[in-house]
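Structure at a glance
Below, each chain spelled out in residue letters.
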Amino acid sequence: MQDAPNIVILTGAGISAESGLATFRGPDGLWEGHRVESVCTPEALARDPATVHRFYDARRAALASVAPNAAHDALARLDAEWPGDLLIVTQNVDDLHERAGARRLLHMHGELLSALCAACGARQDWHGPMGEGRACAACGAPALRPDIVFFGEMPYAMDRIERALAAADLFVSIGTSGAVYPAAGFVQTARYAGARTVELNLEPSAGSGFFHETRVGPASEVVPAWVNEMLAAG
């Protein structure tokens, strides 16, 4: 067990697209019909909180109509059966990894099913509409906002992620564009620390040149195949 390679897996919007969730930014530069700057910045929340809350309320409600796909299921199986260290770092704010059964999981960009208090920083589970002026359970301030890392804000648990990357023997990127930092730089961090790097994606990403190996295809096909190989070899 101590000889099993340490694995860090990064997942992005591409792994959830086959479940019916829109990728973060489409070919037209819009996310669900909105400019990212209109719904995913601190300035947008301050300028037009009603629009921002409506947007995330709708995204939260949409989770009820989708389910994990074969890629999520395969990673949950790897999480359950891999004897070495493993960390799934997801850029996604949906709960599909959890619903598939993954436990060694970190949401670096926050979660739709969570609320963040802008006054005290407390976080709490949240499953229905949020809207404006909801009170924080910890401090009572009417300051709850979506627990989403907006552009210009620091992703969660970067210290833990950096430590995991430095100790990884294998880094795998799944369904990511390779264009959004800091996640786009993880492959370089891991590779320079000595890890083997593998990309599983619908098409080569912007950072494909940093990977030792790239496998192209739908996540629901390439991810289960890779997991089967890993568990058979391990």
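Residues numbered from 1 in each chain as written. Predicted model: local features only at pLDDT ≥ 70, side-chain atom pairs only at ≥ 80, totals over all residues. Heavy atoms only, no water.

1. Details of the overall build of the protein chain
Secondary structure assignment for the protein chain yields 9 helices and 11 strands. The C-alpha atoms of the protein chain give a radius of gyration of 18 Å, which matches the 17 Å a tight globule of 234 residues would have. By its C-alpha atoms, the protein chain is 55 × 40 × 30 Å across when sized along the principal axes. Within the protein chain, buried positions represent 49% of all 234 residues. Taking the contacts inside the protein chain whose residues are at least 6 apart along the sequence as the reference set, 63% of them involve residues at least 24 apart. (Helix = DSSP H or I, 4+ residues; strand = E, 2+ residues; numbered from the N terminus. Rg over C-alpha atoms; globule rule 2.2 N^0.38 Å. Buried < 20%, exposed > 50% of the residue type's maximum accessible area, 1.4 Å probe, protein only. Contact = heavy atoms within 4.5 Å.)

2. Considerations on the nonpolar core
Formed by 25 residues in total, the largest nonpolar core has its most connected members in Ile9, Leu75, Leu78, Val223 and Trp226. Only strand 1 (7–11), helix 5 (70–81), strand 4 (86–90), strand 9 (170–174), strand 10 (196–201) and helix 9 (219–233) provide two or more residues apiece to this core. Looking at this core, the element that brings in the most residues is helix 9, giving 7 residues. Leu87, Leu106, Val187 and Phe211 belong to the second-largest nonpolar core, a separate cluster that totals 18 residues. (Core = buried A, V, L, I, M, F, W, Y, C linked by side-chain atoms within 4.5 Å.)

3. Topic: the packing of aromatic side chains
Summed over all chains, the structure comprises 3 aromatic pairs. Seen from their ring centres, phenylalanine 171 and phenylalanine 211 are 6.4 Å apart, and the 15 degrees between their planes marks the pair as stacked. Placement of phenylalanine 171 in strand 9 and of phenylalanine 211 in the loop between strand 10 and strand 11 (213–216) is noted, with a sequence separation of 40 residues between them. We note that phenylalanine 171, like phenylalanine 211, is buried. (Phe/Tyr/Trp six-rings, centres within 6.5 Å; stacked < 30°, edge-to-face > 60°.)

4. Here we look at the pattern of salt bridges
Following the criterion strictly, the structure yields 10 salt bridges and no others. Between arginine 77 and glutamate 81 there is a salt bridge, with the nearest N and O atoms lying 3.5 Å from each other. Remark: glutamate 81 and arginine 77 occur in helix 5; sequence separation between them is 4 residues, near one turn of the helix. The class for arginine 77 is partly exposed, based on a relative accessible area of 36%. Here arginine 215 ties to glutamate 229 by a salt bridge, and the two come within 2.9 Å at their closest N and O atoms. One end of the pair, arginine 215, is in strand 11; the other, glutamate 229, is in helix 9, with 14 residues separating them in the sequence. On the basis of relative accessibility, which here comes to 23%, the residue arginine 215 falls in the partly exposed class. For glutamate 229, a relative accessible area of 42% puts it in the partly exposed group. A network of salt bridges, in which partner residues are shared, links Arg196, Glu213, Arg215 and Glu229. (Salt bridge = Lys/Arg side-chain N within 4 Å of Asp/Glu carboxyl O.)

5. Some details on the side chain of threonine 41
Here threonine 41 is to be found in the loop between helix 2 (36–39) and helix 3 (42–47). Apart from the residues within four sequence positions on either side, threonine 41 is in contact with Val36, Phe150 and Phe151.

6. Notes on the sheet that holds strand 6 (residues 110–117)
What the 3 strands build is an open sheet, ordered 7-6-8; its pairing is antiparallel. The sheet is open, and its two borders are formed by strand 7 (123–125) and strand 8 (144–148), each paired with just one other strand. Taken over all neighbouring pairs, the strand axes of this sheet differ in orientation by 45 degrees on average, direction set aside. Two elements, strand 6 and strand 8, share 4 bridges in a ladder whose sense is antiparallel. Its bridge partner lying in strand 8, leucine 116 is registered against arginine 145. Helix 4 (residues 49–62) contacts strand 6 and strand 8 of the sheet and is inclined by roughly 55 degrees relative to strand 8. (Pairing = 2+ DSSP bridges. Axes fitted to C-alpha atoms, helices over the stretch in contact; angles between N-to-C directions.)

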